[in-house]
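Now for the letters of each chain:
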Amino acid sequence: MKSQTAPKKLYHRPVLLQEVIEELSVVPPNGWIIDGTFGDGGHSRAIYEKIIKPYKRNRLCSVDWDMSGYSALQSHEIELPSVLDEVTENTEWVMVSDNFANMRKYLPVVTKKTNTEMALSGLLLDLGISSRQLAQKKRGFSFHAEGKVDMRMDPEHYAVAAYDLLNILPYKKMSAMFRDTVGMPPGIAAKLTKEILIAREVKLFGNSDDINRLTNISHKVVPIRASSKGRIHPATLLFLALRISVNTELQNLQEVLPVAFSYLIPSGRLLLMTYHSGEEMVVESFARQNGIRVEVILPAPREVRGNPRARSAKLYIITKK
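A. Region of the structure containing the sheet that holds strand E3 (residues 82-83). If you trace the 8 strands from one edge of the open sheet to the other, you get E3-E4-E2-E1-E5-E6-E8-E7, paired in mixed fashion. Across the chains shown, the open sheet's two edge strands, defined by having one partner strand only, are E3 and strand E7 (294-297). Both E3 and strand E4 (residues 93-97) contribute to a ladder of 2 bridges, which runs parallel. In the strand pairing of E4, Ser 82 is matched with Val 94. Of the strands in this sheet, strand E1 (32-35), strand E2 (59-64), E4 and strand E5 (120-126) are in contact with helix H4 (residues 103-114), which crosses E1 at around 135°. Packing of helix H12 (residues 277-289) onto the sheet brings it into contact with strand E6 (264-274), E7 and strand E8 (314-319), and relative to E8 it is tilted by some 15°.

As structure tokens, then:
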């Protein structure tokens, strides 16, 4: 489908795009490639244009629980996937509104509608967050914005927002959240938790000054290394831990890996793009427990210079024997 309105600028830059295309271009034919984190469509559009459309060896299913990226792209004069209601047997690119972890639910529906085998040739999960999502101030993802910290990717299915966690978690659970999700040093996690508990006694979170209050607490507690040159904001791990916890991101990754690997056909590939230690631990633990060899690709220095969001990315590649 194409929109007739004037195109707007696409400003999200997908990480490790060339490497993703190279890895998925050699997956087995006659199966599905799933992009489980559609986001702003950067990876999906490139996969479709460079692999699916010219060679017609596989089909592409794009998945996301946050459909705001897909909706935003409809104002551009570009080719987009068909939503499930529009799918026919000839559809090469499908868009599914769901959590990528629910593969057992959406993949049978997609294959039935397209009259194809339930064979998975490749899966891509870019576990980061898009520039557009960070720019949406009302969602509270970024510590550079103002407002209350909501952070829910899918408010319809997640009742608890980040400000709820800040208001209700006791000391032990909150400090454990900071330690376990993002590897925050125990001493920093303890101090941060104490300051948050003091702050919520004065005034509960869930107001327009949430982000300012949290960044002030972070500046008070988290030391800034002289060598960091301002690259790592003191509130980074706090906001990351809240987002991961609100959206059960690590649990979603743990759930999808064994399911995807079971659907994967021989020589098929799982591509998992991580951005922090919590995600890395989940992927490495899965590989270790199943005796699977993992290859890791890092962004080239040139990409990091041009796209700072790529600096912490790692692309894990699992190939099924």
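B. Expanded view of the nonpolar core. Counting residues in each nonpolar core, the largest one holds 70 residues, and the members touching the most others are Ile 34, Met 103, Val 149, Phe 178, Ile 196, Leu 214 and Phe 239. A total of 8 residues in this core trace back to one element, the largest contributor, which is helix H11 (residues 249-263). Those residues in contact with Met 103 that lie beyond four places of it in its chain are Ile 34, Pro 108, Leu 120, Leu 123, Val 256, Val 259, Ala 260 and Tyr 263. Formed by 29 residues, the second largest nonpolar core is a distinct cluster that contains Leu 16, Ile 21, Met 273 and Ala 310.

C. Spatial organisation of unusual backbone geometry. Of note, Leu 16 is a non-glycine position whose phi angle comes to about 50°, a positive value. Relative to the helices and strands, Leu 16 resides in the segment before helix H1 (17-24). Positive phi is not limited to glycine here, since Asn 115 has a value of about 55°. Among the secondary structure elements, Asn 115 is positioned in the loop between H4 and E5. Its relative accessible area of 57% is what places Asn 115 among the exposed residues.

Definitions and limits used
- Residues numbered from 1 in each chain as written.
- Predicted model: local features only at pLDDT ≥ 70, side-chain atom pairs only at ≥ 80, totals over all residues.
- Heavy atoms only, no water.
- Pairing = 2+ DSSP bridges.
- Helix = DSSP H or I, 4+ residues; strand = E, 2+ residues; numbered from the N terminus.
- Contact = heavy atoms within 4.5 Å.
- Axes fitted to C-alpha atoms, helices over the stretch in contact; angles between N-to-C directions.
- Core = buried A, V, L, I, M, F, W, Y, C linked by side-chain atoms within 4.5 Å.
- Buried < 20%, exposed > 50% of the residue type's maximum accessible area, 1.4 Å probe, protein only.

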